[in-house]
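Observations on chain architecture
Single-letter residue listing:
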Amino acid sequence: MRQAGRYLPEYKKTRAQAGSFLDLCYSPDLAAEVTLQPLRRYDIDAAIIFADILIVPHAMGNGLSFVEGEGPVLETVRSTSDLARLRTGFESAQFSSVAASVSKVRSELNRSISLIGFCGAPWTVASYMIEGRGSEREYARHVAYQREPWLFDLIDRLVVSSIEYLCLQIEAGADTVQIFDSWAGELTDELFGEFCVEPIRKIILGVKARHPDVPIIVFAKGANYRHGAVYSETGCQALGVEAECSLDYLRSILPRGAVVQGNLDPLLLLCSDEIVSRQVAKIVKSAPMESHIFNLGHGIRPQTKPEILTTVVKAVRHADNG
Ligand code: CP3
């Protein structure tokens, strides 16, 4: 997720070579390199393309920069007139660079390793555009409660651009795509259906119209007891889940065949090998392997020691065989 790579010395080296984070995202050779770096170190089954959820608003013409030590800073969208400057992003240099990274990775990756493409969900991306930075969502939730017409317009535009962006990644070689709704958990039940579920459902409908067989993962982070609704109402094939959600609970409410991804608390990776192995075994025990994609419940902390991931992978493989 967004912290990905920063715990690896080889990532830091390539990142320094690229100059800025966005230059790294838009240099297909370097983006492919950092996508592949974890696969050289670990016996893992999938790669996620190196990009960011904020590439969609950037391609739509919304100003974006990443400020060292602060994170993303965006031009704000807070009215109908602000929407006028936005394009669809179709055929943008940003979309083409990511598609080029995907095809480069696919051509270098063993066929047995899955490649995951991704985008942000409209609620999360709209929140960044409304607030202009990542630390706040109060105003975004305020305009959601107000049902401001321009917010629905913004979300509809994000749906259209995200469908195109995901399809481009699939056409370039992504085996599956994941939709990240990092701030879904902050939506009350009153807003959840309208702003998390509905726009994601529309994206999935649009992608499936062009690529019916590509499985889609939705990570509505913090959805907790509402993951069941996300699964049954969006049309996705797999659910990303945060560390706070109980896998036993999820298993009790999801239909057979539903796939779950994630759940290991990234903070645990700062603990000892024993604690990590024990927790991994616990997760594998409560989720049948054929329907669980082992992963963390959120981004890896930059201070994580790379060796602990070897422990995780070994513990997963051991638990799977045992
Ligand atoms: O494994 C990978 O390479 C995954 C690529 C990836 C990134 N961002 C690269 C990135 C993915 C899947 C994302 C998703 C993303 N980006 C999300 C959704 C998932 C989540 O983590 O909740 C969100 C909300 C973003 C937005 C974003 N991008 C923020 C808020 C930040 C700053 C984070 C911080 O703590 O500084 C980013 C930057 C970002 N995106 C980095 C990476 C590797 C760090 C850039 C760096 O400093 O090198």
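Residues numbered from 1 in each chain as written. Predicted model: local features only at pLDDT ≥ 70, side-chain atom pairs only at ≥ 80, totals over all residues. Heavy atoms only, no water.

Let's talk about the side chain of T304
Structurally, T304 is set in the loop between β9 (292–293) and α14 (306–321). Polar side-chain contacts of T304 include one of 2.6 Å to the backbone oxygen of R301. Discounting residues that sit within four places of it in the chain, T304 has contacts with Y7, L269, L270 and L309. (Helix = DSSP H or I, 4+ residues; strand = E, 2+ residues; numbered from the N terminus. Polar contact = N/O pair within 3.5 Å; in protein donor to acceptor, adjacent residues only side chain to side chain. Contact = heavy atoms within 4.5 Å.)

Digging into the packing of aromatic side chains
Summed over the entire model, instances satisfying the criterion amount to eight aromatic pairs. Where F21 meets F66, the ring centres are 4.5 Å apart and the plane angle is 65°; that geometry is what we call edge-to-face. One end of the pair, F21, is in helix α2 (residues 21–25); the other, F66, is in strand β2 (residues 64–67), with 45 residues separating them in the sequence. A network of ring pairs unites the aromatic residues Y11, F21, F50 and F66 as a single cluster. Lying across the ring of W183, R137 places its NZ or CZ 3.4 Å from the centre. (Phe/Tyr/Trp six-rings, centres within 6.5 Å; stacked < 30°, edge-to-face > 60°. Lys NZ or Arg CZ within 6 Å of the ring centre and 35° of its normal.)

A closer look at the pairing of strand β8 (residues 259–262)
For a regular strand, side chains alternate in direction, first toward one face of the sheet and then toward the other. When strand β7 (residues 238–241) meets β8, the two strands line up parallel, connected through four bridges. When the sheet's bridge partners are listed, V241 is paired in β8 with G262. This β-α-β element, β7 to helix α12 (residues 247–253) to β8, shows right-handed connectivity. Relative to β9, β8 runs parallel, the two being bridged by two bridges. (Pairing = 2+ DSSP bridges. Right-handed = clockwise from strand over helix to strand, strands pointing away.)

Quick notes on the sheet that holds β7
Spatially, β1-β4-β5-β6-β7-β8-β9 is the arrangement adopted by the seven strands of the open sheet, whose pairing is parallel. In this open sheet, the two strands that pair with only one neighbour each are β1 (46–48) and β9. Against the sheet, helix α9 (residues 149–172) makes contact with β4 (114–120) and β5 (176–181), and its axis sits at roughly 165° relative to β4, the strand it touches most. The sheet strands contacting helix α10 (residues 189–210) are β5 and β6 (216–220), and the helix crosses β6 at an angle near 165°. (Axes fitted to C-alpha atoms, helices over the stretch in contact; angles between N-to-C directions.)

Considerations on the nonpolar core
Judged by nonpolar contacts, the single largest core of 112 residues is most densely connected at L151, L154, I179 and L269. It is α9 that provides the largest number of residues to this core, a total of 12 residues. Setting aside its immediate chain neighbours within four residues, L151 contacts A126, I130, V143, A144 and F195. (Core = buried A, V, L, I, M, F, W, Y, C linked by side-chain atoms within 4.5 Å. Buried < 20%, exposed > 50% of the residue type's maximum accessible area, 1.4 Å probe, protein only.)

Let's talk about a nonpolar patch on the surface
On the surface, Y225, Y249 and I253 cluster together to form a nonpolar patch covering roughly 280 Å² of accessible area. Position of Y225 among the secondary structure elements: in the loop between β6 and α11 (227–234). (Patch = residues over 30% accessible without salt bridge, like charges linked within 9 Å, V, L, I, M, F, W, Y side chains within 5 Å. Areas by Shrake-Rupley, 256 points an atom, 1.4 Å probe, with all protein chains shown as cover. Salt bridge = Lys/Arg side-chain N within 4 Å of Asp/Glu carboxyl O.)

Observations concerning unusual backbone geometry
Located in the positive-phi region is R147, a residue other than glycine, with phi close to 50°. Summarising the element assignment, R147 is placed in the loop between α8 (138–145) and α9. Under the relative-accessibility criterion, R147 is labelled partly exposed at 26%. Residue N263 is not a glycine yet carries a positive backbone phi of 100°. Its location among the elements puts N263 in the loop between β8 and α13 (273–286).

What to know about the layout of surface pockets
Remark: the empty space left among the atoms is shown by a probe the size of a water molecule rolled over them. Considering only enclosed or pocket space, the second largest pocket measures out at about 310 Å³ in volume. In this structure, the second largest pocket is lined by 14 residues; those nearest its centre are R251, R256, A258, P288 and S291. Looking at the lining of the second largest pocket, the element that brings in the most residues is α12, giving three residues. Its residues assigned to classes, the lining of the second largest pocket shows eight nonpolar, three polar and three charged. (1 Å grid on protein atoms, 1.4 Å probe; cavity = no way out; pocket = protein on both sides within 12 Å on 5 of 7 lines; lining within 4 Å. Points joined across faces, edges and corners; volume = space filled by probe spheres on them. Nonpolar A, V, L, I, M, F, W, Y, C, P; charged D, E, K, R; others polar.)

Remarks on the packing of α9 against α10
At their nearest, the axes of α9 and α10 sit 9 Å apart, and the two run at 35° to each other. Helix-helix and strand crossings are classified by hand; for α9 and α10 the assignment is right-handed. Taken together, the residues of α10 that come into contact with α9 (itself represented by L151, F152, I155, D156, V159, S162, I163, E164, L166, C167, I170 and E171) are E194, F195, P199, K202, I203, G206, V207 and R210. For the contact of α9 with α10, the residue count by class is 12 nonpolar, two polar and six charged. (Left-handed = near helix turned anticlockwise from the far one by under 90°.)

Brief notes about the side chain of T311
If you trace the backbone, T311 turns up in helix α14. On the basis of relative accessibility, which here comes to 15%, the residue T311 falls in the buried class. Look past the residues within four positions of T311 in its chain and what remains in contact with it is D273, V276 and S277.

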